[in-house]
Amino acid sequence: MNSFDGITEFIKKTPKTELHLHIEGSLEPELMFKLSKRNKVEIPFRSVEEIKSAYNFTNLDSFLKIYYAGSNVLINEEDFFDLTWEYILRCKENNIVHTEIFFDPQSHLVRGISFDKIINGIDKALIKAEKELKITSKIIMCFLRHLDEDSCFDVLKQACNYKDKIIGVGLDSSEKGNPPKKFKSLFEKAIQEGFITVAHAGEEGPPEYIWDSLNLLKVKRIDHGVQCLKDEKLINKLKQDQIPLTVCPLSNIKLCVFNKLENHNLKKMLDKGLRVMVNSDDPAYFGGYLNKNLIDTSKALNLELNDVKILIENSFKSSFLDEKTKNEWLNKIN
Ligand code: ADE
Ligand code: ZN
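None of these values were measured; they are calculated from a predicted model.

Distances from the zinc ion (ligand 2) to its protein donors, His20 (NE2), His22 (NE2), His200 (NE2) and Asp281 (OD), fall within 2.0 to 2.3 Å. What the 4 donor atoms of the zinc ion (ligand 2) show is an angle range of 83 to 174° at the metal, which sorts the shape as irregular. All donors to the zinc ion (ligand 2) come from one chain, and their sequence spacing reads H-x1-H-x177-H-x80-D.

Here it is, written out as structure tokens:
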């Protein structure tokens, strides 16, 4: 066995966590097609192949247009259940033992779907996952940053009825021009209500958005954060405080943040001692779940086995699991 085969084997057999996964981004074309028929929702594609061939993106916004259109087929509680359960089966395949998933309620509420249906569909699948497959999870609700703060306050109010199910809030959607400071009071209120905070920052946007997510939104993790290497002071801060950066390599290539995987800066971030880990973001749209992200990235960047081990450990360390459970998993890996 050569060393790359060894790394591939290690990735497949090691228990892993995923910390950056949009449940709507795990909607595979086959399920999209099935739900469009089941719910009689028109989509601008005649076949699964046509859907797949539409997945060529030039940047984040070009992807989001298709991603929100795809979400339109999700109508009933059963749809959110099926969507989540399909992702859970992928977790099983990828040996993911714990996952922290995002959902975007505003993209469904605007279509008249109730909060109740969305959260219950997701939650029931996650309860089944723990019972039948021993896969644990947390749910993080994301605010759509292209919308105004008032709309986000409305959805926060609804989320307060589901504090037993939702552990934290995040910020996603179109980054450039929608800076973290737009949501300072919203995040203050969310923290007062007991939610943990995270935010997408430095995916396409400048290092300043990472600073502001830390200082104004008081986030515990930065989602993506790959633009941080442009700012020496920021690198030092992220390193010193060991702020988790939930990097998504295949996503970054599909959305043209880097022109090819060989030019991704993940290895540089690792070598600087930053707390990075690998995630799949929107795997149905970006061509791969967690193992593929880890395997392809290891190959493209010539990662050592020890680098991969650190990535997997970082993910457990940065999860919102309790300390005891985290340590149990970390001991198992070793
Ligand atoms: N929503 C789903 N995927 C996203 C991404 N990569 N960046 C911002 N918002 C998103
Ligand atoms: Zn994301």
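What follows deals with the site of ligand 1. Inspection of the region around ligand 1 gives His22, Leu60, Phe63, Leu64, Tyr67, Asp172, Ser173, His200, Glu203, His224, Asp281 and Asp282 as its neighbouring residues. Between ligand 1 and the protein, one listed contact pairs a nitrogen atom with a side-chain N or O atom of Asp281 at 2.7 Å. Contact between ligand 1 and Asp282: a nitrogen atom at 2.7 Å from a side-chain N or O atom of the residue. Look at ligand 1: alone it shows 260 Å² of surface, and the protein chains cover 100% of it. The cavity where ligand 1 resides is the largest cavity. In terms of residue count, the dominant contributor to the shell around ligand 1 is helix 4 (residues 60-71) (4 residues). Of the residues in the shell around ligand 1, the class split is 4 nonpolar, 4 polar and 4 charged.

Among the 7 residues that make up strand 4 (residues 166-172), 6 are buried, leaving the element largely enclosed by the rest of the structure. Note that strand 3 (residues 136-144) and strand 4 share 6 bridges and pair parallel. In the sheet register, Ile140 faces strand 4, and the bridge partner there is Gly168. Crossover handedness for the path strand 3 to helix 8 (residues 149-159) to strand 4: right-handed. Pairing of strand 4 with strand 5 (residues 196-201), which is carried by 2 bridges, proceeds in the parallel orientation. Paired with Val169 across the two strands is Thr197, which belongs to strand 5. On the question of chirality, the crossover connecting strand 4 to the parallel strand 5 by way of helix 9 (residues 184-192) is right-handed.

Definitions and limits used
Residues numbered from 1 in each chain as written. Chains lettered and ligands numbered in written order. Predicted model: local features only at pLDDT ≥ 70, side-chain atom pairs only at ≥ 80, totals over all residues. Heavy atoms only, no water. Donors = N, O, S within 2.8 Å, 3.2 Å for Na, K, Ca; no water. Tetrahedral: all angles 85-135°; square planar, octahedral: opposite > 155°, others 65-115°. Near = heavy atom within 4 Å. Polar contact = N/O pair within 3.5 Å; in protein donor to acceptor, adjacent residues only side chain to side chain. Areas by Shrake-Rupley, 256 points an atom, 1.4 Å probe, with all protein chains shown as cover. 1 Å grid on protein atoms, 1.4 Å probe; cavity = no way out; pocket = protein on both sides within 12 Å on 5 of 7 lines; lining within 4 Å. Sits in = over half its atoms within 2 Å of the grid points. Helix = DSSP H or I, 4+ residues; strand = E, 2+ residues; numbered from the N terminus. Nonpolar A, V, L, I, M, F, W, Y, C, P; charged D, E, K, R; others polar. Buried < 20%, exposed > 50% of the residue type's maximum accessible area, 1.4 Å probe, protein only. Pairing = 2+ DSSP bridges. Right-handed = clockwise from strand over helix to strand, strands pointing away.

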